[in-house]
Amino acid sequence: MPAPRRPRAALAMDPAAARAVLHDDVLAELAELTDPSPLPALDELGSDRARQVLSSTELLITGWGCPPLDEAVLASAPHLRAVAHTAGSVRGHITDACWERGIEISSAAAANALPVAEYTVAMILLSGKRVLETARDYAAARARADWLHDRPGMGNYRRTVGILSASLIGRRVIELLRPYDFQVLLHDPYISTEEADALGARPVPLDELFAQCDVVSVHTPLLPETRRLVGRRLIGLMRQDATLINTARGAVLDQDALTEAVRAGRVRAVLDVTEPEVLPREHPLWDCENAFITPHIAGSLGNELRRLADLTVSEVARWARGEGFAHPVRRERLAFLA
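Every value quoted in this text rests on a predicted model; they were computed, and no experiment measured them. (Residues numbered from 1 in each chain as written. Predicted model: local features only at pLDDT ≥ 70, side-chain atom pairs only at ≥ 80, totals over all residues. Heavy atoms only, no water.)

Here's the deal with the overall build of the chain
Piece 1. Along the chain, the regular secondary structure elements total 13 helices and 12 strands.
Piece 2. Oriented by its inertia axes, the alpha-carbon framework of the chain measures out at about 75 × 45 × 35 Å.
Piece 3. A buried classification covers 49% of the 338 residues belonging to the chain.
Piece 4. Of the contacts formed within the chain by residues at least 6 apart in sequence, a portion of 66% connects residues at least 24 apart.
Piece 5. Total accessible area on the chain is roughly 16700 Å²; 53% of this is exposed by carbon and sulfur atoms.
Piece 6. For the chain, the distance from the average position of its 38 positive side-chain charges to the average position of its 45 negative side-chain charges is 2 Å. (Helix = DSSP H or I, 4+ residues; strand = E, 2+ residues; numbered from the N terminus. Buried < 20%, exposed > 50% of the residue type's maximum accessible area, 1.4 Å probe, protein only. Contact = heavy atoms within 4.5 Å. Areas by Shrake-Rupley, 256 points an atom, 1.4 Å probe, with all protein chains shown as cover. Lys, Arg positive; Asp, Glu negative; His and termini not counted. Charge placed at Lys NZ, Arg CZ, Asp CG, Glu CD.)

In structure tokens:
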């Protein structure tokens, strides 16, 4: 009995992304599942070479730096039936033309959600324990403080944590918080009370989330209606010395309002994303002792990139067998994915 025909596949992403995510052994696995086009990966889709590759491509494996798959590109890819993305969001390259063609879309967002959720939980725990400022003070004093009385507000016992948006990452954070002694509140207008209960969180209005929580963690996608959603009024509702964590997108926050609150010593901020990235050298948040800023490292990095590759290989294998994707991206759900 002849072996089943392998679908013609091509890579479309920045070459640096291809080297980081798709190591030789991953490429070998993909070659067993598909009939791959020759490397290097396509980082533009308008050249003669790109059009030649696309002319026979049935499955496009994409990654960071993939150009938009618009009508002109799809006209060069008459046989394209599916896209398997090796990263999270597909908003940068999947266009209306893809949905209208009926192209199946998969994403490794589920794999990328885990390190973001792990980062978030780590920062929740560290902020409650006041680790960052305690370490700073310890280094400055070179002596141990009166730890029984110096920080009566520190600790993670029965703290209240607020999750803004039951996105893929927000849900994973709630899941990872289950073993801890936290009360978890959730604001997401698109899920029911029953769904929130099943996740392990109590649904609350937006104002209550900010007013009642010791930590608020932002996981909402950046959409026109969520730009600067966390503004001056909501920040003003936060408890004295509460912590705001943002691993979503910088523009979801009103950064000027947050900066004012941080500089005044009202709240603390853990920001893995800012607007813009990177903040200008003279921005006052750099010098705020109660602000902790990291360079967008919460998502997959280092050996975590292998998780993205493994999920993609699994998706390609399923699709090649005719089983469909296990992690499909639906057009109607795109706006709810962070």
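A closer look at the environment of alanine 135
Piece 1. As for its placement among the helices and strands, alanine 135 is situated in helix H7 (residues 131-141).
Piece 2. On a C-alpha basis, the gap between alanine 135 and isoleucine 94 in space is 45 Å, while along the polypeptide they are 41 residues apart.

Description of the packing of aromatic side chains
Piece 1. Overall, the coordinates contain one aromatic pair when judged by the stated rule.
Piece 2. Their ring planes at 45 degrees and their centres at 6.0 Å tell us that tyrosine 180 and phenylalanine 182 sit as a pair that is tilted.
Piece 3. Residue classification places phenylalanine 182 among the buried positions, given a relative accessible area of 13%. (Phe/Tyr/Trp six-rings, centres within 6.5 Å; stacked < 30°, edge-to-face > 60°.)

Observations concerning the pairing of strand S3 (residues 59-62)
Piece 1. Going residue by residue along S3, you find Leu59 and Ile61 tucked away on one face and Leu60 and Thr62 tucked away on the opposite face as well.
Piece 2. Inspection of the sheet shows strand S1 (residues 8-12) paired to S3 by four bridges, in the parallel sense. Pairing of leucine 11 across the sheet is with isoleucine 61, part of S3. (Pairing = 2+ DSSP bridges.)

Quick notes on the sheet that holds strand S6 (residues 159-164)
Piece 1. In spatial order, the strands read S8-S7-S6-S9-S10-S11-S12; together these seven strands make up an open sheet with parallel pairing. This sheet does not close on itself; its edge strands, each paired only once, are strand S8 (202-203) and strand S12 (291-293).
Piece 2. Relative to strand S10 (residues 242-246), strand S9 (residues 215-218) runs parallel, the two being bridged by four bridges. Of the residues in S10, the one forming a bridge with valine 215 is threonine 243.
Piece 3. With respect to the sheet, helix H6 (residues 109-128) is in contact with S6, strand S7 (182-187), S9, S10, strand S11 (267-271) and S12, its orientation differing from that of S10 by roughly 160 degrees.
Piece 4. Against the sheet, helix H12 (residues 255-263) engages S10, S11 and S12, with an angle of about 130 degrees to S11. (Axes fitted to C-alpha atoms, helices over the stretch in contact; angles between N-to-C directions.)

Quick notes on the side chain of asparagine 246
Piece 1. Structurally, the position occupied by asparagine 246 is in strand S10.
Piece 2. With relative accessibility at 0%, the residue asparagine 246 sits in the buried group.
Piece 3. Once you skip the residues sitting within four places of it in the chain, asparagine 246 turns out to touch Val218, Leu253, Val270, Leu271, Asp272 and Val273.

Details of the pattern of salt bridges
Piece 1. Inspection of the entire model under this criterion finds 20 salt bridges.
Piece 2. Put simply, arginine 136 and aspartate 137 hold a salt bridge, and the shortest N to O gap is 3.2 Å.
Piece 3. Assessed through its relative accessible area of 32%, arginine 136 is described here as partly exposed.
Piece 4. Assessed through its relative accessible area of 32%, aspartate 137 is described here as partly exposed.
Piece 5. Through salt bridges with shared partners, a single network forms among Asp25, Glu29, Arg306 and Asp310. (Salt bridge = Lys/Arg side-chain N within 4 Å of Asp/Glu carboxyl O.)

Quick word on the sheet that holds strand S4 (residues 82-85)
Piece 1. With respect to topology, five strands assemble into an open sheet ordered S2-S1-S3-S4-S5, the strand pairing being parallel. Here the strands that pair on one side only, and so sit at the sheet edges, are strand S2 (35-36) and strand S5 (104-107).
Piece 2. One ladder, built from four bridges, connects S3 with S4; its direction is parallel. Bridging across to S4, isoleucine 61 finds its partner in alanine 84.

Some details on the layout of surface pockets
Piece 1. The space that makes up the largest pocket amounts to roughly 680 Å³.
Piece 2. Along its surface, the largest pocket is lined by 30 residues, and Trp64, Ser89, Asn112, Arg249 and His296 are the ones closest to its centre.
Piece 3. When residues of the lining of the largest pocket are traced back to their parent elements, those giving at least two are H6 and helix H8 (168-177).
Piece 4. Examining the composition of the lining of the largest pocket, we find that four residues originate from one element, H6, more than from any other.
Piece 5. Residue composition of the lining of the largest pocket, grouped by class: 14 nonpolar, 14 polar and two charged.
Piece 6. Lining the lining of the largest pocket are residues from two domains, each supplying at least three of them: domain 1 (9-102 + 302-336) and domain 2 (113-293). (1 Å grid on protein atoms, 1.4 Å probe; cavity = no way out; pocket = protein on both sides within 12 Å on 5 of 7 lines; lining within 4 Å. Points joined across faces, edges and corners; volume = space filled by probe spheres on them. Nonpolar A, V, L, I, M, F, W, Y, C, P; charged D, E, K, R; others polar. Domains from an automatic or database assignment.)

A closer look at unusual backbone geometry
Piece 1. Look at the link from leucine 39 to proline 40: it is a cis peptide, with omega at 10 degrees.
Piece 2. Note that proline 40 resides in the loop between S2 and helix H3 (48-54).
Piece 3. A cis amide bond, omega 5 degrees, links glutamate 275 with the succeeding residue proline 276.
Piece 4. Even without being a glycine, arginine 130 presents a positive backbone phi close to 55 degrees.
Piece 5. Tracing the chain through its elements places arginine 130 in the loop between H6 and H7.
Piece 6. The backbone of serine 165 sits at a positive phi, close to 95 degrees, despite the residue not being glycine.

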